[in-house]
Amino acid sequence: MKKVTLLTLVVMCLISISAYSQTVEGAYLNIDYLKVETENMVEFEELVNSNWEAILEKEVNSEDISGSYFYKVVYPGGSLSKYNYVLVRTYENLDDMMAEGERLNELLSADKKEILTKSLALADYQYSELWKTEAGVMSIMDSKPGGYAVINFMRVKPGMENQYLALENDIARPLHEERIQQEKMHNWRTYSLMKPGGVGYDYNFITADFYDKVSNIEYGFTNEIMQSVMPGANFTETMNAIIDTREIVNSELWKLLFYHEK
């Protein structure tokens, strides 16, 4: 399996109305998936925490990247997991994403490159994905990202992509707004997969539920929340309308280790 190189990571290298702000459409995410063997995780995290933060902060201060987020995959865990660390970078447009890889070397001093190379030697690079933000909501009173993220990998049925997104916006988003207001959720996003893709790929959408406390992942959609937001609505029928458009391929819990935003 190919080890991550600095150049690989360089090139590859998440709001409604009133109290809420609508997601900026067209925000792009590059997600890099890394696997570190169990016996190397402590050393890897020490190197990352002591050196990557400053480098990624410097990178975010450049003109091209809007945010950088480094996660540890808590569940699933163990040796059978495909990856256990995730680097997410956000951009306002695709041209910025490509330009960032070309100029990041200018931001790194020689000693930092050496340290990065040492930490990346402990990681197996698995693959990268390019995503586009389609919908989302968060409280404008708290712009920081949530400390935990439940990532749901979805396979939306062919030809139902627009219907699925309409249901996420018309049904799911108001319910998530209520959960945020009740302080049971930090924010929420829906992303569509741009690359890679095709009928052979397992999923084509992600919903990301962000939380400040991991205990809040227990509080999902309930009939009580449904009735407070959509009085008279049939909970089962409403949820089935969404479920009929997609299936959840996988669901994971990510813990945010550090981040930098503009």
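Residues numbered from 1 in each chain as written. Predicted model: local features only at pLDDT ≥ 70, side-chain atom pairs only at ≥ 80, totals over all residues. Heavy atoms only, no water.

Enquirer: Sorry, what's going on with the nonpolar core here?
Expert: Taken as a class, soluble globular proteins show a tendency for nonpolar side chains to be buried jointly. Core analysis: the biggest nonpolar cluster contains 21 residues, and Tyr 33, Tyr 71, Val 86, Val 88, Trp 131, Phe 153 and Trp 254 have the highest contact counts within it. Every element with two or more residues in this core is listed here: strand 2 (28-36), strand 3 (65-75), strand 4 (85-91), strand 6 (148-156), strand 7 (187-195), strand 8 (205-211) and strand 9 (246-261). The next biggest cluster of nonpolar side chains, apart from the first, holds 17 residues, and it includes Val 137, Ala 172, Trp 188 and Leu 253. (Core = buried A, V, L, I, M, F, W, Y, C linked by side-chain atoms within 4.5 Å. Buried < 20%, exposed > 50% of the residue type's maximum accessible area, 1.4 Å probe, protein only. Helix = DSSP H or I, 4+ residues; strand = E, 2+ residues; numbered from the N terminus.)

Enquirer: Explain the packing of helix 5 (residues 161-181) against helix 7 (residues 235-243) to me, please; I cannot follow it from the model alone.
Expert: Relative to each other, helix 5 and helix 7 sit at 150°, their axes nearing to 10 Å. It follows that helix 5 is roughly antiparallel to helix 7 by the angle criterion. Where helix 5 crosses over helix 7, the handedness of that crossing is left-handed. From helix 5, Leu 167, Ile 171 and Ala 172 reach across to helix 7, where they touch Thr 238, Ala 241 and Ile 242. Residue composition of the contact of helix 5 with helix 7, by class: five nonpolar, one polar and no charged. (Axes fitted to C-alpha atoms, helices over the stretch in contact; angles between N-to-C directions. Parallel < 35°, antiparallel > 145°, perpendicular 65-115°, else oblique. Left-handed = near helix turned anticlockwise from the far one by under 90°. Contact = heavy atoms within 4.5 Å. Nonpolar A, V, L, I, M, F, W, Y, C, P; charged D, E, K, R; others polar.)

Enquirer: Any chance you could explain the layout of surface pockets here in plain terms?
Expert: Empty space among the atoms becomes visible once a probe the size of a water molecule is rolled across them. There is about 320 Å³ of room inside the second largest pocket. Lining the second largest pocket are 20 residues, and of these Asn 152, Thr 207, Asp 209, Phe 221 and Arg 246 sit closest to its centre. Breaking the lining of the second largest pocket down by element, the ones donating at least two residues are strand 6, helix 5, strand 8, helix 7 and strand 9. At four residues, the largest contribution of residues to the lining of the second largest pocket is made by helix 5. Residue composition of the lining of the second largest pocket, grouped by class: eleven nonpolar, five polar and four charged. (1 Å grid on protein atoms, 1.4 Å probe; cavity = no way out; pocket = protein on both sides within 12 Å on 5 of 7 lines; lining within 4 Å. Points joined across faces, edges and corners; volume = space filled by probe spheres on them.)

Enquirer: Explain the pairing of strand 9 here, please?
Expert: Where a strand is regular, its side chains alternate between the two sheet faces. Inspection of the sheet shows strand 3 paired to strand 9 by eight bridges, in the antiparallel sense. If you follow Gly 67 over to strand 9, its bridge partner there is Glu 261. Alignment of strand 6 against strand 9, held across nine bridges, turns out to be antiparallel. Paired with Val 150 across the strands is Leu 253, a residue of strand 9. (Pairing = 2+ DSSP bridges.)

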